[in-house]
Every structure is written in C-alpha cells, then in structure tokens.
Number of protein chains: 2
Amino acid sequence: MADSLTQVRPGGRSAKVRAAVHRAVAELLAEEEAETLTLPAVAARAGVHPTTLYRRWGSTAQLLNDVATSRFTDDLVVPDSGSLVGDLQRWLAEVATDVADPDTLALMRATIGSGPAGGCACVEDRHRQLGAIIRREQDRGGTALDVETAADFLLGPLYYRAIFTPEPASADWARTLVSTYLATLRTP
Amino acid sequence: MADSLTQVRPGGRSAKVRAAVHRAVAELLAEEEAETLTLPAVAARAGVHPTTLYRRWGSTAQLLNDVATSRFTDDLVVPDSGSLVGDLQRWLAEVATDVADPDTLALMRATIGSGPAGGCACVEDRHRQLGAIIRREQDRGGTALDVETAADFLLGPLYYRAIFTPEPASADWARTLVSTYLATLRTP
C-alpha cells in the first residue's frame, strides 16, 4: 500500500518510485526513438514492477504528461530587471536556451506525440510566467499586454523553430524577438 | 520484385501498396493513441506483409515522415489575389483550416513524436508556398520580405496554437495575424 495514490508522502517510497520512473523516461528518451518508450520498458529501466506504472499512470501519454509538467514547472525564476523589455528578454532568452537542449527537445517531441494534451503540458508554466511578467509591468504603471497575444508572438516563433525547423532559436534571437514584438505595440 | 524500390511504376503494385499503407496510417491515427502505431499494426491494417514495410520504410519514423511529406505537399494552391496582403490572408486562412482538422493534427503530433525530422516534414512545403507568395510580390515591384522571418511571425503563432494550446487557430484569426504582421513592417 505504500505507493498507493492515497498515501503519498514527500520523500517516501511513492516519491522515490516517481523519481526513478521520471529518470528512466529521461534516459530512454536520450537513447532511443520515442516509439520504443513503453511502460514495460520504463519499468525495467527504473527497476519498478510494470503493474506499479500501469496503476499509477495508466498509459505512456499520462506518464509523459506528468514528466513534462514536472520538468517544465518552476524551473525558471521570473526575472525582475526593473523594465518590461528587460524582464521579457531575460526570461525568453532562458526559455530559448532550455528549449534548444537536445534532451528537452526529445521530451517535448515525445510528449506532443503521445496525445492532444501533450503540448499543453510543455508550456502551461511558460504562460503563467509570462502572465506574472505582464502583471508586474502593470503594477509599475506600464502597458497592459494581453497574455495570449504576447504568447503568440514570443513563444510561437520560438517553439515553432524548435519543433518544426532543423535549428532551434538561440538566446540572442529570443532577445531580438522581444524588441521586435514590443516595437509592434507602438504601431498606430 | 514488383514492389522493389528500383521498379516503382505509377499506378503499379508499388504505388498501390504505398496508398494502402498511407491510408492505414491515417485510419489508425484517427482511432488510437500514437503509441500503438507500429509497423506490424500498419501492415495488418493495410493487408500488406510486415516485411514489405520494414524493407521499404525501415521504421515508424520514416513511414510517418513519408506520409506527412505526401500529405502536406502541393495540397494548397498558392493564391494570386493581386496584392501581398490578399495572397497571405487567403493562404494562411487555408493553412489554419487545414491545421485545425483533428486528423491533420493527429498526423502532425505523431510525426513530431517520431523523431527530430518529423516537424520539418509537416511544414517544408508551407515554407516553399510562402516563398512563392513573397517572390510574386517582388515581381510586382513590392516589398522584399525575408521568408524565414515571415514564417516565424505567420506560421509560428499558428502552429504554436495548434500543438501547444487546447484551441487551434481559426481562419479569421489567421487573417488578423497577417494584418498585424504587415503593420510591423511599417514600423520605423
């Protein structure tokens, strides 16, 4: 019963199993094509009984969503540089560096491939971070940006390059993207 | 020998096998999670011996790339409305409508999940179409746009919404995106 979902204790057996399984997913993705990522393969690598994985995650898609949500949550501190352009440039440059990492890209691709909810799990926290940056600028008395539109023009090109082109975006490119986007707001 | 790669005749046995296999992939993607898409499963659905698929495509990733390349090639006619804004709006609205189709999305997700080249197979022809629209505007004596930058700002937000958010972009939204993008070019 120690790994039942109703008895999760931080640092307990359940947390250890989760950590071992998440690590196994990362290792397998770094080695192989996504098509070989099955729950039995992850269980074997993690040294956990397959039944535990089926009971806890149900499917590869749900496991990948869990790994992606955990991987892409709270790993970026929202910067406070004193200005909107500074905050956005520092944040988007960090997102670009993260997304250009081959292991990150492999996890994103596999998660997207696992089902309709996969892509959302990769970027939900990015939208929250962008929202926090935009709210802080409003608190300073600055421009009130729409979070969804800002995501379209900042995260859109960046994730498009990572997933749909041979070359992910660089941190420098991300900073230029922020300047270009903010310039459009001054268009009459 | 009839289906050997060296003896491909249009309309011959090789073309029939390819059509049956492509159809089987589309059917399986419409029904199931991508994780169940294996070469034996596709072979069974297409009524083709699995050996034929392994010999011809080698892996699920290569088969999905072939299906995506064929699916996303030449299916959109590049419009000639007489103006850049008109051409881009008609084209991007068609891309948006196509990408919002659940079967298209399922194929895109599976192809992205199958490996690094997957995303590129989905959009290579879109870049060519965008290039053709931009060259035609230059021939008219109009603005010389950079194809990659235009792709970042037009295809970027559109594919980002489709893959990373719960709601794909609509044709109306795509037309607005074109107007917003062209307005940025008039920024000093």
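- Going by an unreviewed UniProt entry, chain A carries the name TetR family transcriptional regulator and comes from Streptomyces broussonetiae.

1. Concerning the overall build of chain A
At step 1: When you go through chain A residue by residue, the secondary structure sums to nine helices and zero strands.
At step 2: In chain A, the succession of α and β elements from N to C terminus is α-α-α-α-α-α-α-α-α.
At step 3: Considering chain A as a whole, with its 188 residues, one finds that 53% of them fall into the buried category.
At step 4: Intrachain contacts of chain A at a sequence separation of at least 6 include 65% that bridge at least 24 residues.
At step 5: Taken as a whole, chain A presents about 8500 Å² of accessible surface, with 53% of it coming from carbon and sulfur.

2. Quick look at the environment of Val77 of chain A
All names here are of chain A.
At step 1: In this structure, Val77 sits in the loop between α4 (60–71) and α5 (84–100).
At step 2: The class of Val77 is exposed, set by a relative accessible area of 68%.
At step 3: Considered as a pair, Val77 and Gln129 are 52 residues apart in the sequence and their alpha carbons are 8.3 Å apart.

3. Concerning the UniProt feature "DNA-binding region" (unreviewed entry) in chain A
At step 1: Residues annotated in UniProt with the feature "DNA-binding region" (unreviewed entry) correspond here to residues 38–57 of chain A.
At step 2: In residues 38–57 of chain A, helix accounts for 80% and strand for 0%; the two terminal C-alpha atoms are 12 Å from one another.

4. Concerning the packing of aromatic side chains
At step 1: Under the definition given, this model contains nine aromatic pairs over all chains.
At step 2: Between Phe153 of chain A and Phe153 of chain B, the ring centres sit 6.4 Å apart and the planes meet at 35 degrees, which makes this aromatic pair tilted. Taken together, the positions of Phe153 of chain A in helix α8 (residues 147–164) and Phe153 of chain B in helix α8 (residues 147–164) put the pair across two chains. Judged on exposure class, the residue Phe153 of chain A and its partner Phe153 of chain B are both buried.
At step 3: Members of the aromatic cluster, each reached through a chain of ring pairs, are Phe153 and Tyr181 of chain A together with Phe153 and Tyr181 of chain B.

5. Overview of the relation of the copies chain A and chain B
At step 1: Superposing chain A onto chain B requires a rotation of 180 degrees together with a translation of 0.0 Å along the rotation axis, leaving an RMSD of 0.0 Å. What the rotation and shift describe, once combined, is the action of a two-fold rotation axis. Taking C-alpha positions as the reference, the residue of chain A nearest the rotation axis is Gly113 of chain A, at 1.9 Å.
At step 2: The overlap is high: 100% of the interface residues of chain A also sit at the interface in chain B, so the same surface is used on both sides.

6. Comments concerning the state of the cysteines
Residue and element names in this part refer to chain A.
At step 1: Inspection of every chain in the model, using the stated rule, returns zero disulfides over all chains.
At step 2: Note on Cys120: no disulfide assigned, nearest cysteine sulfur contributed by Cys122 at a separation of 8.8 Å.
At step 3: Here Cys120 falls in the buried class, since its relative accessible area comes to 12%.

7. Re the interface of chain A and chain B
Frequently, the measure chosen for interface size is the accessible area removed from exposure when the parts meet.
At step 1: Each side of the interface is counted separately: chain A has 38 residues, and chain B has 38 residues.
At step 2: Interface area, chain A with chain B, both sides summed: about 3100 Å², of which 64% is carbon and sulfur.
At step 3: Counting across the interface, chain A meets chain B through two salt bridges.
At step 4: Residues Asp152 of chain B and Arg161 of chain A are paired through a salt bridge, measuring 2.8 Å at the closest nitrogen-oxygen approach.
At step 5: For the pair chain A and chain B, the interface holds four residue pairs in polar contact (both at pLDDT 80 or more).
At step 6: Elements that contribute at least two residues to the side of chain A that touches chain B include exactly α4, α6 (102–113), α7 (118–139), α8 and α9 (171–185) of chain A.
At step 7: Its residues assigned to classes, the side of chain A that touches chain B shows 20 nonpolar, twelve polar and six charged.

8. A few points about the pattern of salt bridges
At step 1: As enumerated under the stated definition, the model contains 26 salt bridges over all chains in all.
At step 2: For Arg136 of chain A, the salt bridge identified is with Asp87 of chain A, shortest N-O distance 3.3 Å. Highlighted residues: Arg136 of chain A in helix α7 and Asp87 of chain A in helix α5, separated in sequence by 49 residues.
At step 3: For Arg136 of chain A, a relative accessible area of 22% corresponds to the partly exposed category.
At step 4: With relative accessibility at 0%, the residue Asp87 of chain A sits in the buried group.
At step 5: Among the salt bridges present, the one from Asp66 of chain B reaches Arg18 of chain B, with a minimum N-O distance of 3.0 Å. With a gap of 48 residues between them, Asp66 of chain B in helix α4 (residues 60–71) and Arg18 of chain B in helix α1 (residues 13–31) connect regions that are remote in the sequence.
At step 6: Each member of the salt-bridge network shares a partner with another, and the members are Asp80, Asp87, Arg136, Glu137 and Arg140 of chain A.

9. Considering the packing of helix α6 (residues 102–113) of chain B against α8 of chain B
Residues and elements named next belong to chain B.
At step 1: Remark: α6 packs on α8, axes separated minimally by 11 Å, with the N-to-C direction vectors making an angle of 90 degrees. Here α6 is positioned roughly perpendicular relative to α8, judged by the angle of their axes. Two secondary-structure elements touch here, α6 through Leu105, Met108, Arg109 and Ile112 and α8 through Tyr159, Ala162 and Ile163.
At step 2: Looking at side-chain class alone, the contact of α6 with α8 contains six nonpolar, no polar and one charged residues.

10. Let's talk about the packing of α1 of chain B against helix α3 (residues 50–57) of chain B
Residues and elements named next belong to chain B.
At step 1: One way to put it is that α1 packs onto α3 with a least axis distance of 12 Å and a crossing angle of 100 degrees. The orientation of α1 with respect to α3, classified from their angle, is roughly perpendicular. Two secondary-structure elements touch here, α1 through Ser14, Val17, Arg18, Val21 and His22 and α3 through Thr52, Leu53, Arg56 and Trp57.
At step 2: When grouped by side-chain class, the residues that make up the contact of α1 with α3 number four nonpolar, three polar and two charged.

The rules behind the values
Residues numbered from 1 in each chain as written. Chains lettered and ligands numbered in written order. Predicted model: local features only at pLDDT ≥ 70, side-chain atom pairs only at ≥ 80, totals over all residues. Heavy atoms only, no water. Helix = DSSP H or I, 4+ residues; strand = E, 2+ residues; numbered from the N terminus. Buried < 20%, exposed > 50% of the residue type's maximum accessible area, 1.4 Å probe, protein only. Contact = heavy atoms within 4.5 Å. Areas by Shrake-Rupley, 256 points an atom, 1.4 Å probe, with all protein chains shown as cover. UniProt positions renumbered as here; feature names shortened; annotations may be inferred. Phe/Tyr/Trp six-rings, centres within 6.5 Å; stacked < 30°, edge-to-face > 60°. Least-squares fit on C-alpha atoms with pLDDT ≥ 70 in both. Disulfide = S-S within 2.5 Å. Buried area = accessible area lost by both parts, 1.4 Å probe. Salt bridge = Lys/Arg side-chain N within 4 Å of Asp/Glu carboxyl O. Polar contact = N/O pair within 3.5 Å; in protein donor to acceptor, adjacent residues only side chain to side chain. Nonpolar A, V, L, I, M, F, W, Y, C, P; charged D, E, K, R; others polar. Axes fitted to C-alpha atoms, helices over the stretch in contact; angles between N-to-C directions. Parallel < 35°, antiparallel > 145°, perpendicular 65-115°, else oblique.

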